[in-house]
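These are the residues of each chain, in order.
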Amino acid sequence: MTLRLLFFIPVVFVASLLPGCRTGPAAASSRFLQQSTSGGESKLDVKLPLEKGSVRFAVIGDNGTGDSPEYEIAQEMETYRKTVGFDFVAMMGDNIYGGHKPKDFERKFEEPYKPLLDSGVKFYACLGNHDDSNEVLYKPFNMNGQHYYSFKKGDVQFFVLDSNYMDSAQLDWIEQQLSGSNAKWKIAYFHHPLYSDGRFHGPDLDLRKQLMPIFEKYGLNVVLSGHEHVYERFKPEEGIYFFLVGNSGELRYHNLRPGSDIMAAGFDTDRTFMLIEISGDKLYFQTIARTGQTVDSGTLQRQPKPQVSSQAAQ
Amino acid sequence: MLISESHAVKRNIKRSDHKIAVAFALLLAIACSLAQSTPKPGINRDALIGTDFDKRVADYMKLHQQALTGLKVPQTTDSAQITAFQHQFAAKIRARRPNARQGEIFTSEVADWFHRLIAQVMTGTDGAKIRASFEHAEPIRGIHLDVNQSYPDGLPLQSMPPSLLLNLPRLPKGLEYRFVGRELVLRDIPANLIVDAIPDVTASNTK
């Protein structure tokens, strides 16, 4: 534990108000949020403040199936975009499942997200285990030929990693990038989750062992991942907020392990995508299911930079 | 009787001499063999193997660069161009090493060394965690890929345990290690081509 946690400001969990949504150990025996059958008929329910000058983006993961749920999520994203006005999408990997022929790119990416692409929304992809390495050359994924890269939006710097192949070159790059970043918010995203209550994969402990010391040292704020085909939000670890969005196309129904001590909220009965808005020291999030139902939302406070590195520097 | 006894003693002495000579010859042979297989003081045998591996990899990368000459790496919205580039690149590499066989880069010495490096990690303190991560990462089973074969379209790539990668020799950009079934393969990333493979790596070290 670092001194950062002394400054921890409790998260306002709107999710805790939702029926059946797991929000912590006290609710460990409660049910997960069940999908409402009438959710699709409800009007748009935006939980974000939509502040002027804020950074707004969507998050999808494990989406590239080409099947109808992916299309329905994409349609829901477009509906929200019209109100929320997000201008880019962070992709958690498994962008294109199965074959990677031109018709696959069309059916699994270009067609479902056409309204978003036509509106000028940019997609920033990372590679999952089902992705072809040469997706880095596919312009709409904005990877510029790189397996790992960084981009900045306002006060937020994103570090997009290739968790399929975390070698010394990439670890050196991450450390160099994070140490040189003066961004207010530092967000990393990659395919394999460091924390997960999914039964199918579980957390990648080896990856966690390599990355967490670097993330802690340089004050990373948020980590987003996919791979596990559920939605999960975790209690902060070492002042870092973790989200798992691996069900924007694929789904492993009822795959979350009950009784978890690390879970803040979970949803495993339908596909979802996330909306995030960052303004000042606050991050607002809203997770929306295929039917339009909000399954999790809340506000997170940016944690102060770790004291450890500043003391060490003196 | 005395004479015959004397002959018997001499025969015994001759037999003993013979045995000593055979034993000496054996010892000499073992000593020579050890002298040949044991590196001279100050020379790390693994470092020599590593240097040899690096040289073979560098030679391959020269060929890779030559094959790339004349090809334009696309950055495009047209995925067909990407596929075409990949196929052309692979074809040019194959044409430059048409008789490439398993073991040209992963020689038997290099393969033995890799077995040891992998075993070090897999049987180390974090071995259980690494094996668990490996098993949870949808391992690719029941498949064998030949040198110069393309990695099959649609087949997921097995993610590599970071601790293991950190214990293996660093590769130049454009090459990577991957587990495929029971093999550790060396893959040319942009050409999507199997460059070499070590058989029975995962089988011996991850169970």
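Procedures and definitions
- Residues numbered from 1 in each chain as written.
- Chains lettered and ligands numbered in written order.
- Predicted model: local features only at pLDDT ≥ 70, side-chain atom pairs only at ≥ 80, totals over all residues.
- Helix = DSSP H or I, 4+ residues; strand = E, 2+ residues; numbered from the N terminus.
- Buried ≥ 20, exposed ≤ 12 C-beta atoms within 10 Å, placed from the backbone.
- pLDDT = per-residue confidence, 0-100.
- Contact = placed C-beta atoms within 7 Å.
- Pairing = 2+ DSSP bridges.
- Axes fitted to C-alpha atoms, helices over the stretch in contact; angles between N-to-C directions.
- Nonpolar A, V, L, I, M, F, W, Y, C, P; charged D, E, K, R; others polar.

Before going further, it helps to examine the overall build of chain B. If you tally the helices and strands in chain B, you get seven helices and three strands. Here chain B, with 207 residues, has 31% of them falling under the buried criterion.

Looking now at the confidence of the model for chain B. Parts of the model with low pLDDT should not have their predicted coordinates read in detail. All names here are of chain B. With 77% of its residues at a pLDDT of 70 or more, chain B shows a mean pLDDT of 84. This stretch, residues 203-207, has a pLDDT under 50; its non-local contacts, to residues over four places away or in other chains, come to eight contacts. For this predicted complex, the interface score ipTM comes out at 0.82, while the overall pTM is 0.83.

Residues three or four positions apart in an α-helix share a direction because the helix packs 3.6 residues into each turn. Three or more residues of helix 5 (residues 127-136) of chain B are buried, namely Ile130, Ser133, Phe134 and His136 of chain B. One or two steps after helix 5 of chain B, the chain reaches Glu138 of chain B, where phi turns positive at roughly 50 degrees.

The next thing to look at is the environment of Pro139 of chain B. Residues and elements named next belong to chain B. Along the chain, the position of Pro139 falls in the loop between helix 5 and helix 6 (162-167). Pro139 sits in the partly exposed class, given 15 other C-beta atoms within 10 Å. As for Pro139 and Lys55, which are separated by 84 residues in sequence, their C-alpha atoms are 30 Å apart. Not counting residues up to four positions away in its chain, the partners in contact with Pro139 are Phe134, Gln158 and Phe179.

Our next topic: the sheet that holds strand 1 (residues 175-180) of chain B. Where strands meet in a sheet, backbone hydrogen bonds hold them as pairs that are either parallel or antiparallel. All names here are of chain B. Here three strands make up an open sheet; going across it, the order is 1-2-3 and the pairing antiparallel. Of all the strands in the sheet, just strand 1 and strand 3 (193-198) have a single pairing partner and so form its edges. Between one strand axis and the next, the sheet turns through 30 degrees on average, direction left out of account. As defined by bridge partners, strand 1 adjoins strand 2 (residues 183-188) across six bridges and the pair is classed as antiparallel. Within the sheet, the bridge partner assigned to Phe179 lies in strand 2 and is Leu184.

In many analyses, interface size is given as the accessible surface area lost on bringing the parts together. Between chain A and chain B, the residue contacts involve 32 residues of the former and 34 residues of the latter. Within the residue set of the side of chain A that touches chain B, elements represented by two or more residues are helix 2 (102-110), helix 4 (168-179) and helix 5 (205-217) of chain A. Among the elements that take part in the side of chain A that touches chain B, helix 5 of chain A stands out by supplying five residues, more than any other. Residue composition of the side of chain A that touches chain B, grouped by class: ten nonpolar, 16 polar and six charged.

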